[in-house]
Amino acid sequence: MHAITIPEPGGPEALVWDEVPDPVPGEGEVLVEVAAGAVNRADILQRQGFYEPPPGASPYPGLECSGRIAAIGTGVSGWKVGDEVCALLSGGGYAEKVAVPAGQLLPVPEGVGLTQAAALPEVACTVWSNVFMIAHLRPGETLLVHGGSSGIGTMAIQLAKAVGARVAVTAGTKEKLERCAELGADILVNYREQDFVEEVGKATDGAGADVILDNMGAKYLERNVKALAVNGRLAIIGMQGGVKGELNIGALLAKRAAISATSLRARPLEEKAAIVAAVREHVWPLLAGGHLRPVVDREIPMPDAAAAHRVVEESGHIGKVLLITPRAA
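Remember, it's a predicted structure, so these values are computed and weren't measured experimentally.

Q: Residue-level account of the overall build of the protein, with values.
A: When helices and strands are tallied, the protein shows 10 helices and 15 strands. Here the protein has a C-alpha radius of gyration of 19 Å; the compact-globule value for 329 residues is 20 Å, and the two agree. A principal-axis box enclosing the C-alpha atoms of the protein has dimensions of 55 × 40 × 35 Å. Among the 329 residues that make up the protein, the fraction classed as buried is 54%. The long-range share in the protein, meaning contacts at least 24 apart out of those at least 6 apart in sequence, stands at 66%. Working note: accessible area of the protein is about 13800 Å², and carbon and sulfur atoms make up 51% of it. In the protein, 29 side chains carry a positive charge and 38 a negative one; their mean positions are 5 Å apart.

Following this line, the structure appears as structure tokens:
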């Protein structure tokens with residue numbers, strides 16, 4: 001098979017479409033013939049040499065994919081060869097085939113195309129686990145999503161609206177904010193021109209956001225705490241704004257607030273399987289019912305993954321950028 005390899009860390013040109021050995025599914029795994037993968041920020045960090053795959057994971061980038069089951073390892077039940085699936089991965093999505101633990105498989109949702117399904121696993125699992133399983137967003141509460149036009153942001157908007165929450169978003173252009181509004185966002189903040197603390201405060205009569213989904217990390221830490229409501233919950237899922245920030249414990253105590261920080265990639269298999277099972281139970285019916293949809297900006301041939309990385313690095317997209325394998329094109 002072919003896969004995107006990274007012979008040496010570097011810029012997008014470091015991504016090389018090369019012939020590599022086929023993966024073999026082990027016990028509890030299935031082999032998926034990949035139709036499409038999706039680009040995530042973690043893939044860019046891996047390409048740059050800053051984010052090594054967990055021990056035992058595929059060395060190739062790609063944290064999600066869609067395709068068809070080509071073979072089944074021992075100890076797997078409930079799936080058969082030919083099933084159309086999408087999957088949460090620890091790596092290997094930028095390839096024509098990938099071995100996947102069965103607990104990280106999801107059926108392609110009703111009403112979603114095979115390639116488009118590649119846009120779902122990472123964002124659905126990230127949003128559901130952080131906003132609902134950890135931060136417990138409830139109907140009538142306000143969710144603030146930083147990077148509302150990203151893949152995670154577009155999913156967070158739709159899921160929060162589906163459960164009856166109010167949604168505030170930040171984004172850097174009028175076009176991106178308009179797309180967020182089309183998905184259901186109620187409060188639109190251009191972070192280049194407005195202060196999200198002030199705007200969320202005004203829109204909530206001073207109450208603030210009950211839950212904040214943050215991809216920035218250190219840069220927004222102090223202001224995120226200011227923007228939280230009493231009993232608010234801050235869920236940090238990224239470090240695009242740095243890794244070290246100063247936290248005013250007094251401000252956190254005064255609001256009786258909580259901060260969580262998580263990632264998916266390095267979690268134990270049983271934790272990932274529990275998240276995937278919860279997503280299948282709660283999110284997949286919303287997709288089948290037409291209440292949610294994957295937001296895909298563009299599809300790029302997988303051998304040209306460098307072009308896809310450039311798009312994502314320049315933030316020139318809304319939703320997800322997909323990589324399509326040659327046999328699925």
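Q: Any chance you could break down the pattern of salt bridges for me, citing the residues and the numbers?
A: Under the counting rule described, the total for this entry stands at 16 salt bridges. The salt bridge partner of Lys97 is Asp22, with a shortest N-O separation of 3.0 Å. On the criterion of sequence distance, the pair formed by Lys97 in strand β6 (residues 97–101) and Asp22 in the loop between β2 (16–19) and β3 (29–38) is long-range, its members being 75 residues apart. On the accessibility criterion, Asp22 (37% relative accessible area) is partly exposed. A salt bridge links Glu182 to Arg179, with the shortest nitrogen-to-oxygen separation between them at 3.6 Å. Of this pair, Glu182 and Arg179 are both found in helix α4 (residues 174–183), 3 residues apart, which corresponds to roughly one turn of the helix. Among the residues examined, Arg179 registers a relative accessible area of 28% and is labelled partly exposed.

Q: Would you mind going over the environment of Ala251 in detail, with residue names and values included?
A: Relative to the assigned elements, Ala251 resides in helix α7 (residues 249–254). Judged by relative accessible area, Ala251 falls into the partly exposed class, the value being 30%. Expressed as a C-alpha distance, the spacing of Ala251 and Gly75, which sit 176 residues apart in the sequence, is 51 Å.

Q: So what about the nonpolar core? Which residues, and what values?
A: In globular proteins that are soluble, nonpolar side chains generally tend to be buried together. Counting 48 residues, the largest nonpolar core has Leu143, Leu159, Val279, Val283 and Trp284 as the members making the most contacts within it. Of the residues forming this core, the biggest block, 7 residues, is contributed by helix α2 (residues 121–134). Setting aside residues no more than four positions away along its own chain, Leu143 makes contact with Val131, Leu137, Ala156, Ala160, Arg166, Val167, Ala168, Val211, Ile212 and Leu213.

Parameters and conventions
- Residues numbered from 1 in each chain as written.
- Predicted model: local features only at pLDDT ≥ 70, side-chain atom pairs only at ≥ 80, totals over all residues.
- Heavy atoms only, no water.
- Helix = DSSP H or I, 4+ residues; strand = E, 2+ residues; numbered from the N terminus.
- Rg over C-alpha atoms; globule rule 2.2 N^0.38 Å.
- Buried < 20%, exposed > 50% of the residue type's maximum accessible area, 1.4 Å probe, protein only.
- Contact = heavy atoms within 4.5 Å.
- Areas by Shrake-Rupley, 256 points an atom, 1.4 Å probe, with all protein chains shown as cover.
- Lys, Arg positive; Asp, Glu negative; His and termini not counted.
- Charge placed at Lys NZ, Arg CZ, Asp CG, Glu CD.
- Salt bridge = Lys/Arg side-chain N within 4 Å of Asp/Glu carboxyl O.
- Core = buried A, V, L, I, M, F, W, Y, C linked by side-chain atoms within 4.5 Å.

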